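What follows is each chain in one-letter form.
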Amino acid sequence: MPTGTLSDTPATLTVAVLGTGIMGSAMARTMVRAGHRVRVWNRTHARAAELAADGATVAVTAAEAVHEADVILSMLHDGDTVTEVMRLAAPGVRPGAVWIQSSTVGVEAQRAIAELARELEVVLVDAPVLGTREPAEAGQLTVLAAGADEARPVAQAVFDAVAARTVWTGDDAAAGSAQALKLVVNSWVLAVNNAVGESVALAAGLGVDPRLLLDAVAGGGLDMGYLRLKAGLILDERLSPASFATETAAKDADLIVDAAARAGVRVDALAAAGGRLHRAVGGGHGSEDMAAAYFASFEG
């Protein structure tokens, strides 16, 4: 593994990306553009194969993807999936490699993942990201990161390719401090998303043109870009392709509610937002943008 100061880190790293959904594929593209050698793998092979046109090497197995890689970047659905995939990759993992764990898995799962990292003899960096499809494609994410000093130069070389900003939250990747901050930020994101959907639905139900909501708050303290973004997706019926899928948002809501309960904190509004997201998923909107929580306001 490249170690030492940032100047000791090679300009070009071999990075294995495990998981090429909305975020993983976008991050792989930005790393290719930055000059890194990128290998990609996905359980649905066709999703990874699309990245060959962007210059990534497509691996058939997870073990093939990580073979002799300097960095392994996991961007998968949840903690169980991360563990399953890394065990599939284990035969190809090189001891001393840096494992950037960017999936949003929550604090408890991150601790279990840290145990697996020790078993595999890799250096773990807890690194969930803030942002959706568009900033990911542009390399403008924010990375929330925690990890030992020895891993930071290599990790930062990857972060510089995919993100505009890195916020280091600690030096212990097992503590889950970056995951915890991600849950806090996502609690705000999901609360606002829920409020937008409910307000637009209420307007429609009361016979009010929902666009008058945007006109009424324009330029004032209640106006905000996120309101206009999510309301626009609903009103213009542009929920696909998703920037952040409803099913993923529902999973994150569950993580937040669970973490809050463990901490003795009541998050009633967030629990309700999670319920709305799950109803939207049950209504067939799971792959659509999380603004589709709007549909949870209506029966049937």
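Our subject is the structure that appears above.
Residues numbered from 1 in each chain as written. Predicted model: local features only at pLDDT ≥ 70, side-chain atom pairs only at ≥ 80, totals over all residues. Heavy atoms only, no water.

Chemist: How should a nonpolar patch on the surface be read in this particular structure?
Modeler: Taken together, the side chains of Leu202, Leu206, Val208 and Leu212 present a nonpolar region at the surface, about 390 Å² in accessible area. Here Leu212 is to be found in helix H9 (residues 210-217). The partly exposed category is assigned to Leu212, whose relative accessible area is 46%. (Patch = residues over 30% accessible without salt bridge, like charges linked within 9 Å, V, L, I, M, F, W, Y side chains within 5 Å. Areas by Shrake-Rupley, 256 points an atom, 1.4 Å probe, with all protein chains shown as cover. Salt bridge = Lys/Arg side-chain N within 4 Å of Asp/Glu carboxyl O. Helix = DSSP H or I, 4+ residues; strand = E, 2+ residues; numbered from the N terminus. Buried < 20%, exposed > 50% of the residue type's maximum accessible area, 1.4 Å probe, protein only.)

Chemist: Any chance you could explain the pattern of salt bridges here in plain terms?
Modeler: Pairs can form between side chains of opposite charge once their charged atoms are near each other. Throughout the structure, instances matching the rule amount to 16 salt bridges. Salt-bridge contacts for Arg87 lead to Glu119; the nearest nitrogen and oxygen are separated by 3.0 Å. In this pair, Arg87 sits in helix H4 (residues 79-89) while Glu119 sits in helix H5 (residues 107-120), placing the two residues 32 residues apart along the sequence. Between Asp268 and Arg266 there is a salt bridge whose closest N-O contact spans 3.3 Å. Like Asp268, the residue Arg266 is exposed in the burial classification. Through salt bridges with shared partners, one network takes in Arg29, Asp54 and Glu137.

Chemist: Help me understand the side chain of Thr14, please; the structure alone is not making it clear to me.
Modeler: Position of Thr14 among the secondary structure elements: in strand E1 (residues 14-18). Overall, the relative accessible area of 9% leaves Thr14 in the buried class. In this structure Thr14 touches Arg37, Arg39, Glu68, Ala69, Asp70 and Val71, once residues within four positions along its chain are discounted. (Contact = heavy atoms within 4.5 Å.)

Chemist: Help me out: how do you make sense of unusual backbone geometry in this one?
Modeler: Among all residues save glycine, negative phi is the norm, and among peptide bonds the norm is trans. Here Ser240 and Pro241 are connected by a cis peptide whose omega angle stands at -5°. Along the chain, Pro241 turns up in the loop between helix H10 (225-235) and helix H11 (246-263). A positive phi angle is found at Glu68, which is not glycine, with a value near 60°. Positive phi outside glycine occurs at Glu121, with the angle close to 60°. Relative to the helices and strands, Glu121 resides in the loop between H5 and strand E6 (123-126).

Chemist: For this particular structure, what's the right way to read the packing of aromatic side chains?
Modeler: For any pair of aromatic rings, the description rests on two quantities: the centre-to-centre distance and the angle between the ring planes. Inspection of every chain in the model, using the stated rule, returns 3 aromatic pairs. Taking 5.1 Å as the distance between ring centres and 75° as the angle between the ring planes, the aromatic pair formed by Tyr294 and Phe295 counts as edge-to-face. Seen in terms of ring centroids, Tyr294 and Phe298 are 5.2 Å apart; in terms of plane orientation they differ by 70°. Their pairing is edge-to-face. Judged by its relative accessible area of 14%, Tyr294 is buried. Since its relative accessible area comes to 35%, Phe298 is described here as partly exposed. The structure contains a cluster of three or more aromatic residues connected by ring pairs, namely Tyr294, Phe295 and Phe298. (Phe/Tyr/Trp six-rings, centres within 6.5 Å; stacked < 30°, edge-to-face > 60°.)

Chemist: Please clarify how the nonpolar core should be interpreted in this entry.
Modeler: One broad rule of soluble globular proteins: the nonpolar side chains tend to lie buried together. With 36 residues, the main nonpolar core has Met31, Leu73, Ile100 and Val125 as its most contacted residues. Of all the secondary structure elements, the ones that give two or more residues to this core are E1, helix H1 (22-33), strand E2 (37-41), strand E4 (71-74), strand E5 (98-101), E6, strand E8 (141-147) and helix H7 (152-162). Broken down by element, this core gets its largest block of residues, 7 residues, from H7. Excluding residues that lie within four positions of it along the chain, Val125 makes contacts with Val98, Trp99, Ile100, Gln101, Ala145, Ala146, Ala151, Ala155, Phe159, Trp168 and Ala173. Judged by nonpolar contacts, the second largest core, of 27 residues, contains Leu76, Val82, Val85 and Val93. (Core = buried A, V, L, I, M, F, W, Y, C linked by side-chain atoms within 4.5 Å.)

Chemist: How should the packing of helix H8 (residues 177-205) against H11 be read in this particular structure?
Modeler: Each pair of packed helices can be summarised by the angle the axes make with each other and by the distance between the axes. Taken N-terminus to C-terminus, the directions of H8 and H11 make an angle of 120°; their axes are 10 Å apart at the nearest point. Comparing their axes, H11 and H8 come out oblique. The hand of the H8/H11 crossing is left-handed. Taken together, the residues of H11 that come into contact with H8 (itself represented by Leu183, Asn186, Ser187 and Leu190) are Ala249, Asp252, Ala253, Leu255, Ile256 and Ala259. Residues that form the contact of H8 with H11 fall into these classes: 7 nonpolar, 2 polar and 1 charged. (Axes fitted to C-alpha atoms, helices over the stretch in contact; angles between N-to-C directions. Parallel < 35°, antiparallel > 145°, perpendicular 65-115°, else oblique. Left-handed = near helix turned anticlockwise from the far one by under 90°. Nonpolar A, V, L, I, M, F, W, Y, C, P; charged D, E, K, R; others polar.)

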